[in-house]
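Spelled out, the chains give:
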Amino acid sequence: MRKILAGERNPSEPCVFSRRSFIAKTSCFGAFYAVAELIPLPALAAEFASDSRVSPTPIVDKGFASVRKIGNGLYATISDPSKGRQTVCNGGFLAGKDGALLIEGFITPAGAAFQMDALRMVSQVPVKCALDTHYHFDHSMGNSFYGANGVQLWAHASAAKRIVDSYAPLQGADKEAALAPFAKRVKDAKADTERAHAQSDLNAVTGLFQVANASLLSLPNHPIDPAKLPMSMDLGGLTAVIESYPGHSGTDMIVRVPDQNVVYTGDLLFSGWYPVCFDEKATISGWRDTLKKFAAFDKDTLFVPGHGQICGQEGIASLREVFDDIAAQAEKMYQAGVPAEEAQHRYVVPEKFKNFPVFAWGFTIGPAITKLYAEWQGK
Ligand SMILES: [Zn+2]
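The residue numbers shown here count from 1 along each chain, following its written sequence. Per-residue local features of the predicted model are confined to residues with pLDDT of at least 70, and side-chain atom pairs are confined, for both listing and counting, to 80 or more; whole-chain, interface and lining totals are unaffected and use all residues. Only hydrogens and water are removed before side-chain values are computed, so all heavy atoms of the structure are retained for them.

Visitor: Describe the overall build of the protein chain, with residues and values.
Guide: Looking only at helices and strands, one finds 10 helices and 15 strands in the protein chain. For 379 residues, the compact-globule formula gives about 21 Å, and the C-alpha radius of gyration of the protein chain, at 20 Å, lands near that figure. Principal-axis analysis of the C-alpha atoms places the extent of the protein chain at approximately 60 × 45 × 40 Å. Taken across its 379 residues, the protein chain has 58% of its residues classed as buried. Long-range pairs, those at least 24 residues apart, make up 69% of the contacts in the protein chain with a sequence separation of at least 6. For accessible areas, the Shrake-Rupley method is used with a probe of radius 1.4 Å. Any residue's cover is judged against the shown protein chains and nothing else. A total of about 15,600 Å² of accessible surface is found on the protein chain, and carbon and sulfur atoms cover 54% of it. Positive: Lys, Arg. Negative: Asp, Glu. His and the chain ends are not part of the count. A charged residue contributes its charge at one atom only: NZ of Lys, CZ of Arg, CG of Asp or CD of Glu. Across the protein chain, 37 positive and 39 negative side-chain charges occur, with their mean positions spaced 2 Å apart. Starting at the N terminus, helices and strands are each numbered in turn, a helix being any DSSP run of H or I of at least four residues and a strand any DSSP run of E of at least two. To get the radius of gyration, use the C-alpha atoms; to get the globule rule, take the number of residues to the power 0.38 and multiply by 2.2 Å. Note on classification: 1.4 Å probe, protein chains only; a residue is buried when its accessible area is under 20% of the maximum for its type, exposed when over 50%, partly exposed between these limits. Two residues qualify as a contact provided that any one of their heavy atoms is within 4.5 Å of a heavy atom in the partner residue.

Visitor: An account of the packing of aromatic side chains is requested, with residue identities and associated values reported.
Guide: Between rings of Phe, Tyr and Trp, where Trp is taken as its six-membered ring, a pair exists when centres lie within 6.5 Å; planes separated by under 30 degrees are stacked, by over 60 edge-to-face, and by other angles tilted. Counted by the stated rule, this structure contains 22 aromatic pairs. Taking 6.3 Å as the distance between ring centres and 70 degrees as the angle between the ring planes, the aromatic pair formed by tyrosine 274 and phenylalanine 356 counts as edge-to-face. Here phenylalanine 356 lies in the loop between helix 9 (340-346) and helix 10 (365-376) and tyrosine 274 lies in the loop between strand 14 (262-271) and helix 7 (284-295), a separation of 82 residues in the sequence. For the residue pair tyrosine 274 and phenylalanine 356, the accessibility class agrees, reading buried in each case. Measuring from ring centre to ring centre gives 6.4 Å for tyrosine 347 and tryptophan 361, while their planes differ by 55 degrees; the resulting arrangement is tilted. Of this pair, tyrosine 347 sits in the loop between helix 9 and helix 10 while tryptophan 361 sits in the loop between helix 9 and helix 10, and the two are 14 residues apart along the sequence. Note on tyrosine 347: relative accessible area 3%, which makes it buried. By way of ring pairs, the aromatic residues Tyr274, Tyr347, Phe353, Phe356 and Trp361 are connected into one cluster. In this arrangement the basic side chain of arginine 256 is found over the ring face of phenylalanine 297, its NZ or CZ atom lying 3.7 Å from the centre. Only when the NZ atom of a Lys or the CZ atom of an Arg is both within 6 Å of the ring centre and within 35 degrees of the ring normal do we say a charge sits over the ring.

Visitor: If you had to explain the state of the cysteines to someone new, which residues and values would you point to?
Guide: Cysteine sulfurs are considered disulfide-paired once they come within 2.5 Å of each other. Inspection of every chain in the model, using the stated rule, returns zero disulfides. Lacking any disulfide linkage, cysteine 277 is separated from the closest cysteine sulfur, that of cysteine 311, by 17 Å. What makes cysteine 277 buried here is its relative accessible area of 0%. The cysteine cysteine 311 is free of any disulfide, with cysteine 89 supplying the nearest cysteine sulfur at 15 Å.

Visitor: A description of the coordination of the zinc ion should follow, citing residues and the corresponding values.
Guide: Of the protein atoms, only His134 (NE2), His136 (ND1), His248 (NE2) and Asp267 (OD) coordinate the zinc ion, at distances of 2.1 to 2.3 Å. Donor atoms: N, O and S within 2.8 Å of the metal, or within 3.2 Å for Na, K and Ca. Because water is excluded, sites can look incomplete. Geometry is assigned from donor-metal-donor angles: four donors are tetrahedral when every angle falls between 85 and 135 degrees, four are square planar and six octahedral when opposite donors sit over 155 degrees apart with all other angles between 65 and 115, and any other arrangement is irregular. Geometry at the zinc ion is irregular, judged from its four donor atoms and the angles of 86 to 174 degrees they form at the metal.

Visitor: How would you explain helix 5 (residues 175-188) if you had to name every residue and give the values?
Guide: Its 14 residues place the ends of helix 5 20 Å apart at the C-alpha level, agreeing with the 20 Å of an ideal helix rising 1.5 Å per residue. Bending is quantified residue by residue as the angle between axes fitted to the seven-residue window ending at that residue and the seven-residue window starting at it. In the structure, helix 5 departs most strongly from a straight axis at proline 181, where the bend amounts to approximately 45 degrees. A helix is expected to span 1.5 Å multiplied by its residue count minus one.

Visitor: A description of the packing of helix 7 against helix 8 (residues 313-335) should follow, citing residues and the corresponding values.
Guide: With their axes 10 Å apart at the nearest point, helix 7 and helix 8 run at an angle of 150 degrees to one another. Between helix 7 and helix 8, the angle is such that the two are roughly antiparallel. Judged by the twist between their axes, the crossing of helix 7 over helix 8 is left-handed. Contacts from Ile284, Trp287, Arg288, Leu291, Lys292, Phe294 and Ala295 of helix 7 reach helix 8 at Gln313, Ile316, Leu319, Arg320, Phe323, Asp324 and Ala327. Taken together, the residues that form the contact of helix 7 with helix 8 break down as nine nonpolar, one polar and four charged. Each axis is a line fitted through C-alpha atoms, taken for helices only over the stretch in contact, and angles between the N-to-C directions span 0 to 180 degrees. For classification, angles of less than 35 degrees are called roughly parallel, those exceeding 145 degrees roughly antiparallel, those between 65 and 115 degrees roughly perpendicular, and all remaining angles oblique. Left-handed describes a crossing whose near helix is turned anticlockwise from the far helix by less than a right angle; the clockwise case is right-handed. All amino acids are sorted into three groups, where Ala, Val, Leu, Ile, Met, Phe, Trp, Tyr, Cys and Pro are nonpolar, Asp, Glu, Lys and Arg are charged, and the leftover types, Gly among them, are polar.

Structure (structure tokens):
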């Protein structure tokens, strides 16, 4: 295992990242549901043309991600994984008169470097810190950029341990052995739907394996105790507030700029996507409560989601509807005595969500249903 702490000056090894898309072989079951990596990012909604906070044109657009001004000193980095996999998740940065805060380590150091370059296009203030909104690989595998550049890296107090526990075992592991249980599920599937779901999971885990093996694991070196939040950060004429909410990963934090009604949500918001719920610390009831709280933020709040396009309150409303729909379908099956194992494959994507990307069935809809069952069974 190779590991460095961000913030320490370490010779950075060249970090080679395979751009081979792990979803390349999925078109065979494209009819079942929309697989995330094949769906181009939708354009920014027309309503933002009249929002004075949001610049109509990005300051930089590299295809795989663009950076756009969304407020006074506020920028959003929005990824389009269908055009390249340097960033994959969204992020952004805040630049005040005295300092800057960078959000996310992205999936590669090149992604973090891209965002740093964008910051330097608009501001030369010192970087106060970078923040991983949570520990997941697509938000943290680029952390070594910060390590190599002496940038302090903040994250939830559990994030460093979760990175090590989740991704270190994959480094240097035997690929066949690591993927075998997922390959077996494809082979053993009893029906086409189940096989397609298993194949989407195998593709996702294959991608994760490749990324984890190609990356230098780099850990946040400034743990944030969620009990001490909310916490204000003065960047000079610009105050950011860091808060923590349950839902997606057990390590989730958001950055809020209350003066301008802008929120960087991390993966507590998937905008126009099915939510990724697989994490052992993900909680469906907790996440739905969190979304209810976001819905109570100012009606003009601008959200920078963890994945998908910039949105307003309609983005929160639509993710809540997705959860409502999963819960409604699951509850019917629960009442009818359908076992969880089976129910997780029986969910039908309704017409209105058919363009919502699904990262992989067993990372999104499947675990949402099994977790709901567990909640109902009082487990
Ligand atoms: Zn995540």
